[in-house]
Amino acid sequence: MDLSRQYAETLDAQDPIGHYRACFYIPDTELVYFDGNSLGRLPLATRERLREAIDREWGRDLIRGWDTWIDLARTVGDLLATSVLHVSPGEVVLSDSTSVNLYKLAAAALDARPGRRVIVTDDDNFPTDRYVLEGLAATHDLELRVVATDIDEGVDPDRVAAALDDDVALVCLSHVAYRSSAIADMVAITTAAHRVGALTLWDLCHSAGSVRVPLREAGADLAVGCTYKYLNAGPGAPAFLFVREDLQRELGQPIWGWFGRRDQFAMAPSYEPAESIDRFLVGTPPVLGGYAALEGARITAEAGLDALVAKGAQLTQYAIRLQQEWLGTSLTLASPADPGRRGSHVAFRAPEAWQICQALKAAGVIPDFRTPQRLRIGLAPLYTRFVDVHEGMTRLRDVVESGTYARFPAQLGRVT
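About the thresholds
Residues numbered from 1 in each chain as written. Predicted model: local features only at pLDDT ≥ 70, side-chain atom pairs only at ≥ 80, totals over all residues. Heavy atoms only, no water. Phe/Tyr/Trp six-rings, centres within 6.5 Å; stacked < 30°, edge-to-face > 60°. Buried < 20%, exposed > 50% of the residue type's maximum accessible area, 1.4 Å probe, protein only. Helix = DSSP H or I, 4+ residues; strand = E, 2+ residues; numbered from the N terminus. Lys NZ or Arg CZ within 6 Å of the ring centre and 35° of its normal. Core = buried A, V, L, I, M, F, W, Y, C linked by side-chain atoms within 4.5 Å. Contact = heavy atoms within 4.5 Å. Axes fitted to C-alpha atoms, helices over the stretch in contact; angles between N-to-C directions. Parallel < 35°, antiparallel > 145°, perpendicular 65-115°, else oblique. Left-handed = near helix turned anticlockwise from the far one by under 90°. Nonpolar A, V, L, I, M, F, W, Y, C, P; charged D, E, K, R; others polar. Polar contact = N/O pair within 3.5 Å; in protein donor to acceptor, adjacent residues only side chain to side chain. Expected span 1.5 Å × (residues − 1). Pairing = 2+ DSSP bridges. Patch = residues over 30% accessible without salt bridge, like charges linked within 9 Å, V, L, I, M, F, W, Y side chains within 5 Å. Areas by Shrake-Rupley, 256 points an atom, 1.4 Å probe, with all protein chains shown as cover. Salt bridge = Lys/Arg side-chain N within 4 Å of Asp/Glu carboxyl O.

Geometrically, a pair of aromatic rings is defined through the distance of the ring centres and the angle of the planes. Evaluated as defined, the whole model comprises nine aromatic pairs. Centroid distance W258 to F259: 5.1 Å. Interplanar angle 90°. Geometry classified as edge-to-face. Overall, W258 belongs to the partly exposed group, its relative accessible area being 35%. Between the aromatic rings of W354 and F369, the centroid separation amounts to 5.5 Å while the plane-to-plane angle is 80°, which identifies the pairing as edge-to-face. Linking W354 in helix α12 (residues 353-362) with F369 in strand β12 (residues 368-370), this pair joins segments that are 15 residues apart in sequence. No difference in accessibility class separates W354 from F369, as the two residues are buried. Above the plane of the ring of Y25 lies R47, whose end atom (NZ or CZ) is 4.7 Å from the centre. Over the ring of W326 we find R397; its NZ or CZ atom is 4.1 Å from the centre of that ring.

In this structure, L170 and L215 are the most contacted members of the largest nonpolar core, which totals 79 residues. For L215, the contacting residues outside a window of four places in its chain are L85, V87, M186, L204, A220, A223 and F242. Listed in part, the 34 residues of the second largest apolar core include L322, C357, I377 and V399.

Let us look at the packing of helix α4 (residues 72-85) against helix α10 (residues 287-303). Where α4 contacts α10, the axes come no closer than 10 Å and their chain directions differ by 20°. Overall, the two elements α4 and α10 adopt an arrangement that is roughly parallel. The element α4 and its partner α10 pack so that their crossing is left-handed. Judged by residue contacts, L72, T75, V76, L79, L80, S83 and V84 of α4 engage V287, G290, Y291, A293, L294, A297, R298, T300 and A301 from α10. Residues that form the contact of α4 with α10 fall into these classes: eleven nonpolar, four polar and one charged.

The next thing to look at is the side chain of R244. For R244, the location among the structural elements is in the loop between β8 (240-243) and α10. Relative accessible area serves as the criterion here: at 16%, R244 is assigned to the buried category. A polar contact is formed between the side chain of R244 and the backbone oxygen of G219, at a distance of 3.0 Å. Not counting residues within four places of it along the chain, the set of residues in contact with R244 comprises E91, H194, R216, G219, A220 and D221.

Turning our eyes to something else, we now look at helix α5 (residues 98-111). Under the 1.5 Å per step criterion, the end-to-end length of α5 is 20 Å for 14 residues, consistent within 8% with the ideal 20 Å. Burial of α5 is extensive: ten of the 14 residues sit out of reach of the surface. Along α5, the positions that sit buried rather than exposed are T98, N101, L102, K104, L105, A106, A107, A108, A109 and L110. Where α5 is buried, its residues touch β3 (118-122), α6 (127-140), β5 (168-174), β6 (199-203), β7 (222-225) and β8.

In space, the four strands of this open sheet follow the order β9-β10-β13-β12, with antiparallel pairing throughout. Each edge of the sheet is formed by a strand with only one pairing partner; in this case those strands are β9 (332-333) and β12. In this sheet, strand β10 (residues 345-349) lies alongside β9 in antiparallel orientation, the contact comprising two bridges. In the sheet register, L333 faces β10, and the bridge partner there is F348. Of the strands in this sheet, β12 and β13 (374-378) touch α12, which is tilted by about 40° from β13.

Once that is clear, we can look at a nonpolar patch on the surface. A cluster of nonpolar side chains, I54, W58, L62, I63 and L288, forms an exposed patch at the surface whose accessible area comes to about 520 Å². Tracing the backbone shows W58 in helix α2 (residues 44-61).

A word on the sheet that holds β3. In a beta sheet, neighbouring strands are held together by backbone hydrogen bonds and run either parallel or antiparallel to one another. Pairing in this open sheet of seven strands is mixed, and the strands run β2-β8-β7-β6-β5-β3-β4 from one edge to the other. Edge strands, defined here as strands with exactly one partner in the open sheet, are β2 (92-94) and β4 (143-147). Strand after strand, the sheet turns through a mean of 20° between neighbouring axes, direction not considered. Set on the sheet, α4 makes contact with β2 and β8; between it and β2 the angle comes to about 130°.

The following block contains the structure:
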């Protein structure tokens, strides 16, 4: 393998979506950003769109802005549906946070399976997902059945299937593992869940905009996801939820708000749910965050998911090859080796991973750390170059070989 910087520059010159980097605000060209899987960069179009929304729509139009804002959640949802998730318009809506959406859909699923007493998840699911499910199980006196998972290789469909029986109401898992980037077999797991009459709820936070999400192929029932990672909608941006069309009238969400009511401006004395995906809305939508989500989704749609997935696989594979050649005795791969089973981030294992992470930040590289002993490298294909990977891995090699990471305290502190 050619380990030169010139090789990386050649890959960038051949990159069919490399020009999208110019669509983002990148003030520090020396900084290597390896954390786009936690917070995406700021699109230039978003900055301009928010300025317009603040100065004209809010500043001048005032309450008249609602003529435009009222349909924003559906507008963004439809764009995500067609360009990112490959489902139908009317099956996705922008709403609340991922955790709140997970609660709404999980509670709705449990109500739709009365008499069943079990929720299935895995022990490597993202913590907030497990906490929400734990709370629902405690509130409704249900069993939370937790499947053991290899944190590097991801959810095993056979283990999930073995945990299923006729008492299972809901199976809730992450499609792409937050730690290792391992992709779960959504089709096999959903099929197994449906075989026993259970519903499925998928967390797409590390999937949306980075991998193909086979909701339609799997016949998946429900899903949630965020917009601030690969979709670049900014910190605190609203999340989205998916409900398969034929389930929308069957499911009743637990939070009855006026935006989820049929004919909301009739101001009726009692609640009657909308017949569409709108029934899963609650209160006033976040307009500024909605515009940011819209612009982020537009860039993703324009670049094309197939191109993003292909480049993401190339970037992570390149990082792994450099790690193997330069750091194979110091760091080990903690993600699936097969790029078809991996999203757009990769994890490396080292006893000193926390210290190495801090030393890298001091060296102008921003990765992140996850327990236990994982250095996580996020490579967002819209703006990450191959030369960025080469430079970042070069600095990582320098940090490890020089031992400068030992200057940093061997304690977690606050993980961000």
